[in-house]
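Residue strings, one per chain:
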Amino acid sequence: QAVFQFDIRALLEQVGAGKESLSFMKRRIRRMAAQWASAARRLDDKLRNHWREQKRILVHVGFLTEESGDVFSPKVLKGGPLGEMVQWADILTALHVLGHNLKISVSLKELHGSLGVPPGRGSCPLTGPLPFDLIYTDYHGLQQMKQHMGLSLRKHKCHIRVIDTFGTEPAYNHEEYATRHGYRTNWGYWNLRGQQYMTMFPHTPDNSFMGFVAEELNETERLNIQRNKVNNMAVVYGKEASMWKGKEKFLDILNRYMEIHGTVYYETQRPPEVPAFVKNHGLLPQQELQQLLRKAKLFIGFGFPYEGPAPLEAIANGCIFLQPKFIPPHSSLNHDFFRGKPTSRKVSSQHPYAEQYIGRPHVITIDFNNSEEFDAAIREIMRINVEPYLPYEYTCEGMLERVHAYIQNQDFCSPEAPFLPVNSSWLSSPPSPFVLLPNSSILTWASNASSCPSWPPLSALRLLASQEGQSCVMACQSAGLICEPALYRFINIKEAFSALDLQCDGVESEMNHLFPAFSAEHAECSLQQDPLLFSCAGSSAKHQRLCPCRDYRNGQVALCRDCL
Ligand code: UDP
């Protein structure tokens, strides 16, 4: 039985020292400790009747190892990416607070020690059982584990979770399919189940949403913030000088109305990209950045970095986040940053989560090339009042709840039996496993049709057909639902087509990440042959895809209503 831990001292000792990145993470863990503890108390009350199994967990942070070049640690004090460090600090804290048995590794030596593989022996199969129930790592760590565990990695890979900021879609993850169909990248082709990849934002439902946390405010802090907001104070999102390059036009307009602050790293002189009228504080410790955000009215992004934690922190501190809409959207097809990343996702703005999940009045997303719109947005921002806002899924309690649900319910080790809607009583009078809810075009699974164990439970399933050219991500979203890849196996049956009134002249089965799908032109119904290719992402002008959608909890999109 796992018992909530309210004291973080043991965790701090385990994190170790000697690297700037580790010090950053420890400072964060210490600063947020009280918040985690009170969240744990609330969740403990909520989960009183749940048995929580204590797991043995290895966390191997591959990108921090010397062997992968550790490019991050030297940049921690120079404005380099800190988002990853924020996320790892929060993952470690969540696992610790949930009461699991944790081992942390940031070097190959520690990895070998933990896995029981003797150092210096090159590729060495792990002969005994894996001494962990779960291993959290990243793409670097996965590569290292492959090198040092050899073939035995394959045997144990169902225990692995890969922390993967931008996500990996099934078509890129499937080695053979990726190679044959042009989805090969530097990162994908590990043949994991899609939900073993865990992202920073809930942008790719094929993967699990891990996330991180932002600071919460108590009532006094909320009041103080509202009292002390400076209506004409703006902070620019971008701690590296290069993020300011070519933005003079916007800065000039902004400067007409507001006092502009920056937190751009510099060594001795002001970086030339940062105009003299900007008050540059240099890179600030996280705590001081929070103080600055508490006073500022506007947090403004100029397009880079993509999808970081800072906009959520700004919104949580009562800022309005103004950001550029990307027209056309950025993707691996048209932007260097995403090129080679195992995703086809079209990124509609600098921070799509802020745009789509939060929106106005906290987030304003506009075309920055339209100077009038830009000008008008700034004037509007100075006029309106907003309250600090933090979505539940980014609070400590929200993250603990989600990670708890994953740990206790996600199982990628049992073989995923293909679902056959046949049992003896059905043979005489086969019922449709789907029923049409009154006043709804969405089909739902007849609740007594199957006792097949599943998480999320089958009761959450809502079957939809996408329009031609539409992905299941979009189809579910437009019905106010979310695509749930774990439920694909229940709809990969020919009954699903007839339930949706799609008449099949023929039924085939093929390896194609768009299947199951219907082609109206040939009245052809296509089923998926390889469960690894079940994918919410992907669309084709010729196909209507079958989509397993589900409901979700308010503020916690990773979990369906009956998922806890
Ligand atoms: N940050 C900081 N000092 C600063 C600017 C940012 O500590 O002067 C922190 C910020 O609190 C956030 C983290 O850096 O949690 C990551 O920020 P960002 O959104 O820029 O993402 P990144 O590109 O670093 O992943």
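See the structure printed just above.
Presented here is an overview of the structure given in this document. (Residues numbered from 1 in each chain as written. Predicted model: local features only at pLDDT ≥ 70, side-chain atom pairs only at ≥ 80, totals over all residues. Heavy atoms only, no water.)

A separate point is the site of the ligand. In the vicinity of the ligand there are 16 residues, among which Leu 82, Tyr 237, Lys 239, Leu 284 and Glu 313 approach most closely. In this structure, Leu 82 approaches the ligand through a main-chain N or O atom, which is 2.7 Å from an oxygen atom. When the ligand is considered free in solution it has 540 Å² of accessible area, and contact with the protein chains removes 94% of it. Within the residue set of the shell around the ligand, elements represented by two or more residues are helix 4 (83-97), helix 12 (286-295) and helix 13 (310-316). (Near = heavy atom within 4 Å. Polar contact = N/O pair within 3.5 Å; in protein donor to acceptor, adjacent residues only side chain to side chain. Areas by Shrake-Rupley, 256 points an atom, 1.4 Å probe, with all protein chains shown as cover. Helix = DSSP H or I, 4+ residues; strand = E, 2+ residues; numbered from the N terminus.)

Across all of its chains, the model carries 6 disulfides by this definition. For Cys 483, the disulfide goes to Cys 536, at an S-S distance of 2.1 Å. Linking Cys 483 and Cys 536, the disulfide has an S-S dihedral of approximately -80° and is accordingly described as left-handed. Separated by 53 residues along the polypeptide, Cys 483 in strand 17 (residues 482-483) and Cys 536 in the loop between strand 20 (524-528) and strand 21 (544-550) bring together distant segments of the chain. For Cys 560, the disulfide goes to Cys 563, at an S-S distance of 2.3 Å. Looking along the S-S bond of the Cys 560-Cys 563 disulfide, the torsion reads about 100°, which is the right-handed sense. Each member of the pair Cys 560 and Cys 563 is classed as buried. Cysteine pairing for the chain (bonded cysteines numbered in sequence order): 1-2, 3-9, 4-10, 5-8, 6-7, 11-12. Lacking any disulfide linkage, Cys 396 is separated from the closest cysteine sulfur, that of Cys 319, by 20 Å. (Disulfide = S-S within 2.5 Å. Buried < 20%, exposed > 50% of the residue type's maximum accessible area, 1.4 Å probe, protein only.)

Attention now moves to the packing of aromatic side chains. Overall, the coordinates contain 30 aromatic pairs when judged by the stated rule. Look at Phe 337 and Phe 338: their rings are 5.2 Å apart centre to centre, the planes differ by 85°, and that puts the pair in the edge-to-face class. For Phe 337, a relative accessible area of 29% translates into the label partly exposed. Given a relative accessible area of 2%, Phe 338 falls into the buried group. Every member of this aromatic cluster is reached through a ring pair, and the members are Phe 166, Phe 304, Tyr 306, Phe 326, Phe 337 and Phe 338. (Phe/Tyr/Trp six-rings, centres within 6.5 Å; stacked < 30°, edge-to-face > 60°.)

What follows deals with unusual backbone geometry. Cis rather than trans, the peptide bond between Ile 327 and Pro 328 has omega equal to -5°. Counting through the fold element by element, Pro 328 comes out in strand 11 (residues 320-330). Note the cis peptide between Trp 455 and Pro 456, where omega equals -5°. Tracing the sequence through the fold places Pro 456 in the loop between strand 15 (443-445) and strand 16 (461-465). Positive phi, normally seen in glycine, also occurs at Glu 307, with a value near 45°.

Nothing here speaks to function; it is all geometry.
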